[in-house]
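# Commentary on secondary and tertiary structure
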Amino acid sequence: MLELLWLPFLACLVLAGIHAYLGLHVLARGVIFVDLALAQVAALGMTTALLVGYAPQSDAAYYYALAFTVCGAGLFALTRRHEPAAAEGVPQEAIIGIVYAVAAALTVLVLDRVAQGGEQIKQLLVGSILSVTADEVARVAGLYAGIGVVHWLCRRPLLAISLGHPVAHTRAWDFLFYLTFGLVVTSSVRIAGVLLVFSYLIVPAVLAASLTRSIGRRLGIGWSAGFAVSVVGLAGSYVWDLPTGATIVATFGALAVLATFGLAGIRLIARLRAQGVQTLHGAVVGAGLLVALAGGALAVLPKADHFWLTAIEEVIPPVETAFLSPYERAVFADSQAAIARGTSEARRLQALQTDVQWGLRDLPEEERERLRQFLLSRSEIVAGDRMVLRTLRSKARERQRYVLGMPLVLAGLAVAGAGLRLRRRPRRAATRDVTPSAPRAVV
Amino acid sequence: MVLAVLVAATINVAATTTDLRELVAVVGGDRVRVESLTDPSQGHHPRELLPRQLTLLASADLLVRVGLDNEPWLARALRTVKTRARDLDGSKAVALLGTETPRLRSDERPHIHAFGSPNYWLDPEDAHPLTAKILESLADLAPADRPLFEANRARFLTALDARMARWLDQLRPYRGTRVVVGHDAWPYFARRFGLTITATVEEKPGIPPSAKYLGTLIERMRQTGVRVIIADPESPMPLLQRIAGATGARVARLVPSVGADPAATDYLTLFEVNVTRLLTALGP
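Residues numbered from 1 in each chain as written. Chains lettered and ligands numbered in written order. Predicted model: local features only at pLDDT ≥ 70, side-chain atom pairs only at ≥ 80, totals over all residues. Heavy atoms only, no water.

Next up on the list: the overall build of chain B. On a plain count of helices and strands, chain B comes out with 10 helices and eight strands. Put simply, 61% of the contacts in chain B that link residues at least 6 apart link residues at least 24 apart. For chain B, the exposed area adds up to about 12,300 Å²; of that, 55% sits on carbon and sulfur atoms. (Helix = DSSP H or I, 4+ residues; strand = E, 2+ residues; numbered from the N terminus. Contact = heavy atoms within 4.5 Å. Areas by Shrake-Rupley, 256 points an atom, 1.4 Å probe, with all protein chains shown as cover.)

This is the structure we're talking about:
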């Protein structure tokens, strides 16, 4: 495991280091999708290099990508409006969106004229963090360290512009920001793909901005989040046997959801303390309506997928089996046992088949064919048993539709009504303002 | 007037791939005008229908396709244009691999091509039944030209059989050699030339393998001494290079279709290129 994952892990740390910092700028500037636009511009540059005749993995293709990114950086620096009237004009996100769409379309048009390389460009945007090499990690680490030094030296004007404060030679500083940002994006996307780079850029910055106002603390939180997600994502990808890049992005998503719920929970507790239980009226009404809706859906469309009910039945089987006749229950139990037996046997034989395929075990040709046929038939039998379970579940649903569905509708409506009554109750005398103030950055 | 008659007498054929285009061209000779609807360098699944494809379909007398579920875009195209073209489904002419009951499969292994492996043109022997079907279709459209089509086909098959004997001879020492493939595109080629495919790096094209899968793959390759990875233009090369680096294997970049590599200019050179590259990778 370590042999395969230590280089991707190092690459993730390098990405987290620079992107958590740049994400703070991007968030403060309100140009969330700028990295997607610059990555697409870089892809256009690389595609043009292919058209000219360079190989996709060549240095020349990288420099083409870089040159296009510099042009994109220049465009974004020129189109940023700093005067107060900017809010009334065209927002920069609109320009970013146009650049993204046009660059993507031009890439398609150029690819149509390129003999080879379409797949490589696709892979460039999807990325493959698992195939990163030590040389690539060392190169981007060196480059990002250099960019980090430049940003440290120019931190005051760069931060001031990002936070909307007036600074002399704004366009020049803006160009420096977008140039270095473009360099980072072009290099990162090459090894990790657009989705992963976007996640490392935005999620830690958003998380940090929702927790603290200090830039220093935000950076610390962003780095910690990037580190934690890298470890959990890589380990999760290994343990659950999932594509690595997508797992890390999903872990970022899970972190964002957890943080949102966590912060909402903290705010709710504060409001509960200050205003009493009636502060929950919205949640109670919502929960009641949800239960009523689920019950109604079961009553009206019993054959549709009711995942909530399936999940409950997995934990408490009688919720399902109580709606089956004794004979059906026996068939249900038999099918479940047969599926477990068949799956386990198929797994064992598949392992044997794989060993034979790899030459780790010898089996005469006739035996191999018998094994193949046996596995196929076993697979069909298991599929048949699953179909039996589905049929029985469908029968149970028909019987559950009114016995469970209608009471759920009534119970849900009752809960929603209780929530509405909670709202009308006089509030506890509470004068303390507990609404958290929006964090403000401190330069 | 004479020119108009000649042009009208030409059979317009739209083939969905360059490989089928080549097979139609060798049988039809100068009596057919055949074009491929797809460019192999763009993959077999185009991003968007092109005006050229619709024009070709609209004017075609014969449509030759790979069949199975290899051309998901074709149904859309055929809904868009009205075509009088006869339909020749190549998959009905050959013995398919990987056809086992798609809908009821209960194991969790990916089965991308649900109705059988579609890359049958990569077995040179399949050119025999395919060209026979093409001959029948062309002869139905131009009965007077049947002798010409038969002569063309016989000439092509003679050349193919001669080369086939040489390719089999060249690869005979490596029969039974275990190889790993980038994508599941080589079962027919492997079967014909006696290679055993032990694993696929990207089981689902475009979705990178997990670290665990890759770790097991590398371990098995080391354990069993697999020394060749067959790549194609759509394979994730950086990943294959990494596996090759970790196992000491060589990557043989084969060409899945005519025109997917500048060296593979027709059906015969497609196999010349593939056999040569495979020999280089298998050699000492």
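In this section: the layout of surface pockets. Residues and elements named next belong to chain A. Counted as a void, the second largest pocket has a volume near 520 Å³. As for the second largest pocket, its lining consists of 21 residues, of which T310, E320, L389, R390 and R393 are closest to the centre. Of all the secondary-structure elements, those providing two or more residues to the lining of the second largest pocket are α13 (307-315), α14 (318-321), α15 (326-358) and α16 (365-403). When the residues that make up the lining of the second largest pocket are grouped by side-chain class, the tally is seven nonpolar, five polar and nine charged. (1 Å grid on protein atoms, 1.4 Å probe; cavity = no way out; pocket = protein on both sides within 12 Å on 5 of 7 lines; lining within 4 Å. Points joined across faces, edges and corners; volume = space filled by probe spheres on them. Nonpolar A, V, L, I, M, F, W, Y, C, P; charged D, E, K, R; others polar.)

Residue and element names in this part refer to chain B. Turning to its location among the elements, D232 is positioned in the loop between β7 (228-231) and α9 (237-247). Summary of buried charges: D232 has no salt-bridge partner, and the nearest side chain of opposite charge, R253, is 7.0 Å away. Each residue touching D232, except ones within four places of it in the same chain, is listed here: H183, A185, W186, R253, L254 and P256. (Buried < 20%, exposed > 50% of the residue type's maximum accessible area, 1.4 Å probe, protein only. Lys, Arg positive; Asp, Glu negative; His and termini not counted. Salt bridge = Lys/Arg side-chain N within 4 Å of Asp/Glu carboxyl O.)

Here the focus is the environment of L163(A). If you trace the backbone, L163(A) turns up in the loop between α7 (155-162) and α8 (170-192). Judged by relative accessible area, L163(A) falls into the partly exposed class, the value being 26%.

This next bit is on the packing of aromatic side chains. Per the stated rule, a full pass over the model turns up 15 aromatic pairs over all chains. Between W167(B) and F271(B) the ring centres are 5.6 Å apart and the planes differ by 35°, which places this aromatic pair in the tilted class. Of this pair, W167(B) sits in helix α6 (residues 146-171) while F271(B) is found in helix α10 (residues 267-282), placing the two residues 104 residues apart along the sequence. Through pairs of rings, three or more aromatic residues link up here, namely F76(A), F177(A), Y178(A) and F181(A). Residue placement shows R29(A) over the ring face of F177(A); its charged tip is 4.1 Å from the ring centre. The residue whose ring lies beneath R155(A) is W152(A), and the NZ or CZ to ring-centre distance is 3.9 Å. (Phe/Tyr/Trp six-rings, centres within 6.5 Å; stacked < 30°, edge-to-face > 60°. Lys NZ or Arg CZ within 6 Å of the ring centre and 35° of its normal.)

Facing 46 residues of chain B, the contacting portion of chain A comprises 42 residues. Across the chain B/chain A interface, buried area totals approximately 3,600 Å², and carbon plus sulfur atoms make up 52% of it. Between chain B and chain A we count one salt bridge in total. The salt bridge involving D355(A) is made with R220(B); its shortest N-O contact spans 2.7 Å. Taken together, chain B and chain A are joined by seven residue pairs in polar contact (both at pLDDT 80 or more). At the level of elements, β5 (178-181), β6 (196-200), α8 (211-224) and α9 of chain B are the ones that each hand at least two residues to the side of chain B that touches chain A. In terms of residue count, α8(B) provides more of the side of chain B that touches chain A than any other element does, 12 residues in total. Residue composition of the side of chain B that touches chain A, grouped by class: 22 nonpolar, 12 polar and 12 charged. (Buried area = accessible area lost by both parts, 1.4 Å probe. Polar contact = N/O pair within 3.5 Å; in protein donor to acceptor, adjacent residues only side chain to side chain.)

Glancing now at the pairing of strand β8 (residues 250-253) of chain B. All names here are of chain B. When β7 meets β8, the two strands line up parallel, connected through four bridges. Residue pairing for β8: V228 is matched across the bridge by R250. Traced from β7 through α9 to β8, the parallel crossover comes out right-handed. (Pairing = 2+ DSSP bridges. Right-handed = clockwise from strand over helix to strand, strands pointing away.)

Relative placement of two packed helices is described by the angle separating their axes and the distance separating the axes. All names here are of chain A. Following both chains from N to C, one finds α7 and α8 inclined at 95°, their axes separated by 10 Å at the closest point. By the angle between their directions, the pair α7 and α8 is classed as roughly perpendicular. Contacts from P157, L158 and I161 in α7 reach T170, W173, D174 and F177 in α8. Per-class residue counts for the contact of α7 with α8 are five nonpolar, one polar and one charged. (Axes fitted to C-alpha atoms, helices over the stretch in contact; angles between N-to-C directions. Parallel < 35°, antiparallel > 145°, perpendicular 65-115°, else oblique.)

All names here are of chain A. A cluster of nonpolar side chains, namely I98, V102, L106 and L109, defines an oily patch on the protein surface of about 370 Å² accessible area. Topologically, L106 is positioned in helix α4 (residues 92-111). Given the relative accessible area of 38%, L106 is considered partly exposed. (Patch = residues over 30% accessible without salt bridge, like charges linked within 9 Å, V, L, I, M, F, W, Y side chains within 5 Å.)

Residues and elements named next belong to chain B. Pairing within the open sheet is parallel, and its four strands lie in the order β2-β1-β3-β4. Each edge of the open sheet carries a strand with a single partner, namely β2 (32-36) and β4 (86-89). Neighbour to neighbour, the strand axes of the sheet diverge by 20° on average, direction disregarded. Bridge count between strand β1 (residues 11-15) and β2: five bridges; the pairing is parallel. Within β2, the residue paired with A15 across the bridge is S36. Set on the sheet, helix α5 (residues 127-141) makes contact with β1, β2, β3 (62-65) and β4; between it and β4 the angle comes to about 170°.

Take the sheet that holds β8(B) next. All names here are of chain B. What the four strands build is an open sheet, ordered β6-β5-β7-β8; its pairing is parallel. If you trace the sheet from one side to the other, it starts and ends with β6 and β8, each paired once. Across the sheet, the mean angle from the axis of one strand to that of its neighbour is 35°, orientation sign disregarded. Sheet analysis places β5 next to β6, joined by four bridges and oriented parallel. Across the sheet, R178 pairs through a bridge with T196, a residue of β6. Relative to the sheet, α8 contacts β5, β6 and β7, its axis offset from that of β6 by approximately 150°. Docked against the sheet, α10 engages β7 and β8, running at close to 175° with respect to β8.

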